[in-house]
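Breakdown of the fold
If you want the building blocks of each chain, they are given just below.
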Amino acid sequence: MNLCDIHEVKALLSRHGFRFSKSMGQNFLIADWVPRDIAAAGGGDGTCGVLEIGPGIGCLTRELCRRAGKVVSVELDPALPPVLAETMAGSENFTLISGDILKLDIPRLVDEQFPGLTPLVCANLPYNVASPILGALVEARRFETITVMVQREVALRLAAKPGTGDYGALSVYMQYHTRPEILFDVPPECFLPAPKVTSSVIRCQVRKEPAVSTACGEEFFFRTVKGAFALRRKTLCNSLCTAFGSQLGKDSVTAAVVRCGLSPTVRGEALGLEDFAALADSLYDAVKQK
């Protein structure tokens, strides 16, 4: 069965009485080059275990199974396991887990399912929950690479550079933990049903150590990052007061910014990872002295 042939896909879905769910962000691929290129970009081989989120009817899953030692797919929609039982029949290195990836213990899943294998992620993520899923995958601290297809605007945010309109707290978070690289775009006509937006495939090489080192620790570092972007149209000092106003007055916040060699009128989107590390440590010292 050709899972990228629109006529065969429609017949398959009709046979199982399947209806697309907008709330789950379901869009199935119908261009055969896309799952092939995503799987190739994922870099999996016989030594790897691949976690896939949202396999749909299995077109990417099949490509992953051809390459990887084992593929574990997590599917939320209870209507899809019977479909996957048909489309993935004969794939002995495939395991389906029914459930919500955001409610699963991902480190435990990886440890149980991929002993002796190098864990990777390769998936076509649902648009509406892509960011929290990426956060959960990073926080699991198990994967070497995370290769996913997401809405293009999300991919641009993940890989954005300081000083650009797409740069924000999500950019800093992902670049602190990984090295994101946008690989290629996928137009709407490659999906059934066709979404209203373009998608992009992005590969995030997970760093063995964070991009920057801080004395204040990760929690305080990301508190600083979120505070810096809380009021994007305001100066960095004004924005940071929303996060630290209960502990530091504006004068103390401004002094912490200036100690880092930054202008008091700079905005958060101008800061790179090194700037944020220095700023977080400066604010941390100011809080400790109170």
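Residues numbered from 1 in each chain as written. Predicted model: local features only at pLDDT ≥ 70, side-chain atom pairs only at ≥ 80, totals over all residues. Heavy atoms only, no water.

Overall, the coordinates contain zero disulfides when judged by the stated rule. Among the cysteines around Cys59, which has no disulfide bond, Cys4 carries the closest sulfur, lying 4.5 Å off. Looking at Cys59, the relative accessible area reads 10%, which means it is buried. Of all cysteine sulfurs in the structure, the one in Cys241 sits closest to Cys237, which takes part in no disulfide; the separation is 7.1 Å. Here Cys237 falls in the buried class, since its relative accessible area comes to 2%. (Disulfide = S-S within 2.5 Å. Buried < 20%, exposed > 50% of the residue type's maximum accessible area, 1.4 Å probe, protein only.)

For strand S2 (residues 48-53), the buried fraction is high: six of the six residues fall into the buried class. Residues Cys48, Val50 and Glu52 line one face of S2 and the alternating positions Gly49, Leu51 and Ile53 line the opposite face, and both faces are buried. Note that S2 and strand S5 (residues 118-124) share four bridges and pair parallel. The partner of Gly49 across the bridge, within S5, is Pro119. The parallel pair S2 and strand S3 (residues 70-75), bridged by helix H3 (residues 59-67), forms a crossover whose chirality is right-handed. (Helix = DSSP H or I, 4+ residues; strand = E, 2+ residues; numbered from the N terminus. Pairing = 2+ DSSP bridges. Right-handed = clockwise from strand over helix to strand, strands pointing away.)

Right, let's talk about the layout of surface pockets for a bit. By volume, the largest pocket is sized at about 490 Å³. Taken together, 32 residues line the largest pocket, and the ones lying closest to its centre are Met24, Ile53, Gly54, Asn124 and Pro126. Mapped by element, the contributors of at least two residues to the lining of the largest pocket are strand S1 (28-29), S2, H3 and S3. Its residues assigned to classes, the lining of the largest pocket comprises 19 nonpolar, nine polar and four charged. (1 Å grid on protein atoms, 1.4 Å probe; cavity = no way out; pocket = protein on both sides within 12 Å on 5 of 7 lines; lining within 4 Å. Points joined across faces, edges and corners; volume = space filled by probe spheres on them. Nonpolar A, V, L, I, M, F, W, Y, C, P; charged D, E, K, R; others polar.)

Each neighbour pair has its own omega, and for Leu192 with Pro193 the value is -15 degrees, a cis peptide bond. Counting through the fold element by element, Pro193 comes out in the loop between strand S8 (191-192) and strand S9 (199-206). Of note in the backbone geometry, Arg141 takes a positive phi value of approximately 55 degrees without being a glycine. Residue Arg141 is classed as partly exposed on the basis of its relative accessible area of 49%.

Our focus in this paragraph is the sheet that holds strand S6 (residues 145-151). The seven strands lie next to each other as S4-S3-S2-S5-S6-S9-S7, forming an open sheet whose pairing is mixed. Of all strands in the sheet, those bounded by a partner on one side alone are strand S4 (94-98) and strand S7 (178-186). The sheet shows a mean angle of 20 degrees between the axes of neighbouring strands, taken without regard to direction. The pairing of S6 with S9 spans seven bridges and is antiparallel. Residue pairing across strands places Val148 opposite Ile202, the latter belonging to S9. Along the sheet, helix H5 (residues 106-113) makes contact with S2, S3, S4 and S5, crossing S3 at roughly 145 degrees. (Axes fitted to C-alpha atoms, helices over the stretch in contact; angles between N-to-C directions. Contact = heavy atoms within 4.5 Å.)

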